[in-house]
Amino acid sequence: MSGQARWFMPFIVLIFLTVGCSYEEQSQSGEMPEMIKVQLMIPDKASIKENVSLRIKLTQGDQPVNDADDVQFQVWNEQDEPEAPSLEQGMMSAEELEARGATTAKSVGDGMYEVVYTFQKPGVYVIQAHVTSGAMHTMPRTKVTVE
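What this report covers is the structure whose coordinates are included nearby. (Residues numbered from 1 in each chain as written. Predicted model: local features only at pLDDT ≥ 70, side-chain atom pairs only at ≥ 80, totals over all residues. Heavy atoms only, no water.)

Both strand S1 (residues 36-41) and strand S3 (residues 51-60) contribute to a ladder of six bridges, which runs antiparallel. Following the sheet pairing, Val-38 is matched in S3 by Leu-58. In the sheet, S3 pairs with strand S8 (residues 112-118) via seven bridges, with the strands oriented antiparallel. Counted as the bridge partner of Leu-54 is Val-115 from S8. The antiparallel pairing of S3 with strand S4 (residues 63-64) creates a hairpin that spans two residues between the two strands, and Gly-61 there sits at a positive phi of about 70°. (Pairing = 2+ DSSP bridges. Helix = DSSP H or I, 4+ residues; strand = E, 2+ residues; numbered from the N terminus.)

Turning to the pairing of strand S9 (residues 123-133), a few remarks are in order. For S9, a buried count of nine out of 11 residues is recorded, marking the element as mostly surrounded by other parts of the structure. In this sheet, S9 lies alongside strand S5 (residues 70-77) in antiparallel orientation, the contact comprising eight bridges. Counterpart to Asn-77 in the pairing with S9 is Tyr-125. Here S9 pairs with strand S11 (residues 141-146) via six bridges, running antiparallel. Paired with Tyr-125 across the bridge in S11 is Val-144. Inspection of the sheet shows S9 paired to strand S10 (residues 136-138) by three bridges, in the antiparallel sense. The residue bridging Ser-133 from the neighbouring strand is Met-136, located in S10. (Buried < 20%, exposed > 50% of the residue type's maximum accessible area, 1.4 Å probe, protein only.)

A cluster of acidic residues, Asp-67, Asp-69, Asp-70, Glu-95, Glu-96 and Glu-98, forms a negative patch on the protein surface. In terms of residues, the negative patch owes the most to one element, helix H2 (residues 94-99), which gives three residues. Within the element layout of this structure, Glu-98 appears in helix H2. (Patch = residues over 30% accessible without salt bridge, like charges linked within 9 Å, V, L, I, M, F, W, Y side chains within 5 Å. Areas by Shrake-Rupley, 256 points an atom, 1.4 Å probe, with all protein chains shown as cover. Salt bridge = Lys/Arg side-chain N within 4 Å of Asp/Glu carboxyl O. Lys, Arg positive; Asp, Glu negative; His and termini not counted. Charge placed at Lys NZ, Arg CZ, Asp CG, Glu CD.)

What follows deals with the packing of aromatic side chains. Considering all chains together, one arrives at two aromatic pairs under this definition. Consider the rings of Phe-119 and Tyr-125, whose centres lie 4.9 Å apart with planes at 55°: the pair is tilted. Per residue, the accessibility class of Phe-119 equals that of Tyr-125, and both read buried. (Phe/Tyr/Trp six-rings, centres within 6.5 Å; stacked < 30°, edge-to-face > 60°.)

Further remarks concern the nonpolar core. With 23 residues, the main nonpolar core has Ile-56, Leu-58, Val-71, Phe-73, Phe-119 and Ile-127 as its most contacted residues. Looking at this core, the elements with two or more residues in it are S3, S5, S8, S9 and S11. Not counting residues within four places of it along the chain, the set of residues in contact with Ile-127 comprises Ile-42, Leu-54, Phe-73, Gln-74, Val-75, Phe-119, Pro-140, Arg-141, Thr-142 and Val-144. (Core = buried A, V, L, I, M, F, W, Y, C linked by side-chain atoms within 4.5 Å. Contact = heavy atoms within 4.5 Å.)

Here the focus is the pattern of salt bridges. Under the counting rule described, the total for this entry stands at three salt bridges. In this structure, Arg-55 engages Glu-114 in a salt bridge whose closest nitrogen and oxygen atoms are separated by 3.8 Å. Of this pair, Arg-55 sits in strand S3 while Glu-114 sits in strand S8, placing them 59 residues apart in sequence. With a relative accessible area of 27%, Arg-55 lands in the partly exposed category. With its nearest N and O atoms 2.9 Å apart, the salt bridge here joins Lys-143 to Glu-78. Here Lys-143 is found in strand S11, whereas its partner Glu-78 is found in the loop between S5 and H2, with 65 residues between them in sequence. Of the residues examined, Lys-143 reaches a relative accessible area of 48% and is grouped as partly exposed. For Glu-78, a relative accessible area of 35% gives the class partly exposed.

By themselves these figures say nothing about function.
Here it is, written out as structure tokens:
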């Protein structure tokens, strides 16, 4: 073995040990990030042609989530439920949801996201939030009676 190879070999071994140990530490902890919790803050009843605040609060653990990738609200009369995407299509992007009438919510601080919406006709409406933050996606829904 030449002089350079003898000098270089301990560094290569040290690199392999360092990489192997750090991988082992990550695998043993196996910690997954905590799920994002979505609290819908939407009234049960609303009046036609009045502005209604559609809000959600996002938290992860005890901390508010102010940097979600996408937060959108989709609203439809329960008699006109939109067609679900096919399995081949998979999850719809924010742009595809907007094309279907979804409205992008704005962060108002402390994990709160809001859209102001005006119902034009009476009926029972479904409000579905689409929340994407990192690799997590959730789609809670609720109903509102509009008179």
